[in-house]
Amino acid sequence: MLKKFSHFQREANLIGGKWVQADSGQTLDVVNPATGVKFGVVPKSGRAETRRAIAAAQEAFPAWAKRSALERSKPLRKLHDAIMDNQEALAELLTLEQGKPLAESRGEVGMSAAYVLWFAEEGRRVYGDIVPSPWADRRILVTKEPVGVIAAITPWNFPSSMLARKLAPALAAGCTAVVKPASQTPYSGLAWGVLAEEAGFPAGVVNIVTGSAAEIGDEICANPLVKKITFTGSTEVGKVLIQKASVTVKKVSMELGGNAPFIVFDDADVDRAVDGAIVAKYRNSGQTCVCTNRFLVQSGVYDKFVEKLVAATASLKVGNGMEDGVKQGPLIDEGAVCKVEELIADATSKGGKVVAGGARHVLGGTFFQPTVIAGAKSDMRFSTEEIFGPVSPVFSFDTEDEAIAMANATEYGLACYFYTGDLGRAFRVMEGLKYGLIGVNEGLITTVEAPFGGLKESGLGKEGGREGILDYLDGKYVCIGGLGL
């Protein structure tokens, strides 16, 4: 039976198969960013509750790990079906707490289900090795085993799909999990607890704790029962988690910040580039780790590209994500709006020209106009800082080598995009860019079948693709002797 979003809106934590409140009885408000109205609360849990969740995961681990990959795949397939059967309800809940347009939320929920199905299948293809032995009377085996209890810390911008690509491979590998969703968007995370129960996962295999990021994070890092931490968020927080996790030498996967360049060469199809730019920049109001941070446009098509980009932004309908036709929702909170305003003020003070938008939207609240800034220069803050808002600074360059150098002039290396009609240039630029994800003549490239992860200070490890399950496994070398061969 189809369910309403309220069925998934749990105002409790899932620990050891029971829905419980914080020990203190304290709660955190959940606010709809489109209206500014509180529409629920969740427990404000801390170290004690997290410790119990970790203990519950550890207790459930041996039996779950002992199941065959085929047996583990069955509830994962049921989980996929449950997500898709309730795609609309889950999408509505996501939009209400995060603000993105309902169409984008539907897409995110669908992507979440796709990750689950992918890893339900990929878990059955975790192969070991038989290594040719240098000894005639010995045999060498390499096996793969689940690492144990993992902790997943997820962000507010994609509260469902970011959890999917952590939780699905962990469960498929035979791990058990403790999940800490973002405080701004906890319901999409807690909904996975409801879905996991309905799909038949045993108690303790999936545990979800909301509350103090500092306290929950500290317990996760310090607790020796946690064998791996997977985190999506800022580079600053990621570095702190890596340092704290080093005390117990945990495995870590980090999907951190970005400063994605979007390069348009003179020989590009400019109309196609503009279409890609709208997707790569304004999706989720610019609040994605892979969205364009800097447009680098060759001088021969600079004016043409800016003109067409401005026209395209004018067609973006801004509004409440629950309304039909809305393409851009609100920013997540007031702090996000202030950051965008600061970056625009910095740019204009240094000669940048606002040619579209540039201010808060007439709708008020945290709505912001889709913005384009021409004449961007390297001394402007968004050259090095992640914008996380609907602002497109457009830089100019003259040569191919200059474009590559400008694109790589950042400590980040997550995603980048470039447009060209020259096949040779496509390979030269692709090989010259130091990024983990590269889109050539495409502005939306994420898919469950491909590895997702950055270089440099954008992170460690990969999510998705066949690589996505490897960080949840330990390799074990076994030498068998005395065979009398």
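A brief structural summary. (Residues numbered from 1 in each chain as written. Predicted model: local features only at pLDDT ≥ 70, side-chain atom pairs only at ≥ 80, totals over all residues. Heavy atoms only, no water.)

A few points about the pairing of strand 15 (residues 371–374)
In strand 15, alternate side chains face the same way, and those of T371 and I373 on one face and V372 and A374 on the other are all buried. Relative to strand 15, strand 14 (residues 353–356) is paired through three bridges, and the arrangement is antiparallel. Following the sheet pairing, V354 is matched in strand 15 by I373. Inspection of the sheet shows strand 15 paired to strand 16 (residues 391–397) by three bridges, in the parallel sense. Along strand 16, the bridge assignment pairs I373 with P393. (Buried < 20%, exposed > 50% of the residue type's maximum accessible area, 1.4 Å probe, protein only. Helix = DSSP H or I, 4+ residues; strand = E, 2+ residues; numbered from the N terminus. Pairing = 2+ DSSP bridges.)

Quick look at empty space enclosed by the protein
The method is simple in principle: a probe with the dimensions of a water molecule rolls over the atoms, and the space it marks as empty is what remains. Counted according to the given criterion, the structure contains two cavities of 30 Å³ or more. Together, I83, L90, L94, V109, S112, S160, S188, A191, W192 and L195 line the largest cavity. Of all elements in the fold, only helix 4 (87–98), helix 5 (102–122) and helix 7 (186–199) reach the threshold of two or more residues within the lining of the largest cavity. No other element matches helix 7, which puts four residues into the lining of the largest cavity. A per-class count over the lining of the largest cavity returns seven nonpolar, three polar and no charged. Computed from the structure, the second largest cavity encloses a volume of approximately 30 Å³. What lines the second largest cavity is K166, T230, F231, S253, M254, E255, F452, G453, L460, G461, K462 and E463. Secondary structure elements with two or more residues in the lining of the second largest cavity: strand 10 (226–232) and strand 11 (251–255). (1 Å grid on protein atoms, 1.4 Å probe; cavity = no way out; pocket = protein on both sides within 12 Å on 5 of 7 lines; lining within 4 Å. Points joined across faces, edges and corners; volume = space filled by probe spheres on them. Nonpolar A, V, L, I, M, F, W, Y, C, P; charged D, E, K, R; others polar.)

Observations regarding the pattern of salt bridges
Within the structure shown, the criterion is met by 27 salt bridges. With its nearest N and O atoms 3.1 Å apart, the salt bridge here joins E145 to K476. Residue E145 is located in strand 6 (residues 139–146), and its partner K476 is located in strand 22 (residues 473–480); the two are separated by 331 residues in the primary sequence. Since its relative accessible area comes to 33%, E145 is described here as partly exposed. Given the relative accessible area of 39%, K476 is considered partly exposed. Between R381 and E342 there is a salt bridge, and its shortest N-O distance comes to 3.6 Å. Residue R381 is located in the loop between strand 15 and strand 16, and its partner E342 is located in helix 12 (residues 334–349); the two are separated by 39 residues in the primary sequence. When its relative accessible area of 26% is taken as the criterion, R381 is described as partly exposed. Here the salt bridges do not stand alone but share partners, grouping R165, K166, E255 and E463 into one network. (Salt bridge = Lys/Arg side-chain N within 4 Å of Asp/Glu carboxyl O.)

Re the nonpolar core
In this structure, L79, I83, W192 and F201 are the most contacted members of the largest nonpolar core, which totals 51 residues. Counting 32 residues, the second-largest nonpolar core is a separate cluster that includes F262, A280, C289 and L309. (Core = buried A, V, L, I, M, F, W, Y, C linked by side-chain atoms within 4.5 Å.)

What to know about helix 7
For helix 7, which comprises 14 residues, the first-to-last C-alpha distance of 20 Å matches the rise-based estimate of 20 Å (1.5 Å per residue) to within 8%. For helix 7, the buried fraction is high: 12 of the 14 residues fall into the buried class. Positioned one or two residues after helix 7, G200 has a phi angle of 95°, which is positive. (Expected span 1.5 Å × (residues − 1).)

Things to note about the environment of G365
Residue position: G365 is located in the loop between strand 14 and strand 15. Put simply, G365 and V337 are 28 residues apart on the chain and 9.3 Å apart in space, counted from C-alpha to C-alpha. Residues within four places of G365 in sequence aside, it is in contact with E334 and R360. (Contact = heavy atoms within 4.5 Å.)

Side note on the sheet that holds strand 18 (residues 415–419)
Backbone-to-backbone hydrogen bonds join strands into a sheet, with any given pair of strands oriented parallel or antiparallel. The seven strands are arranged 14-15-16-13-12-18-19 in an open sheet whose pairing can be described as mixed. Looking at strand neighbours, the two that pair on one side only are strand 14 and strand 19 (437–440), the edges of this open sheet. In this sheet, neighbouring strand axes are inclined to one another by 25° on average, regardless of whether the strands run parallel or antiparallel. Relative to the sheet, helix 12 contacts strand 14, strand 15 and strand 16, its axis offset from that of strand 15 by approximately 25°. Against the sheet, helix 14 (residues 423–432) touches strand 13 (292–298), strand 18 and strand 19, its axis set at about 160° to strand 18. (Axes fitted to C-alpha atoms, helices over the stretch in contact; angles between N-to-C directions.)

A word on the packing of helix 10 (residues 270–282) against helix 11 (residues 302–314)
Two elements in contact, helix 10 and helix 11, have axes separated by 10 Å at closest approach and are oriented at 50°. Our classification of the angle between helix 10 and helix 11 gives oblique. The handedness of the crossing between helix 10 and helix 11 is right-handed. Between helix 10, through V270, D271, A273, V274, A277, I278 and Y282, and helix 11, the contact on the second element is made entirely by K304, F305, K308, L309, A312 and T313. Classifying every residue of the contact of helix 10 with helix 11 by side-chain character gives nine nonpolar, one polar and three charged. (Parallel < 35°, antiparallel > 145°, perpendicular 65-115°, else oblique. Left-handed = near helix turned anticlockwise from the far one by under 90°.)

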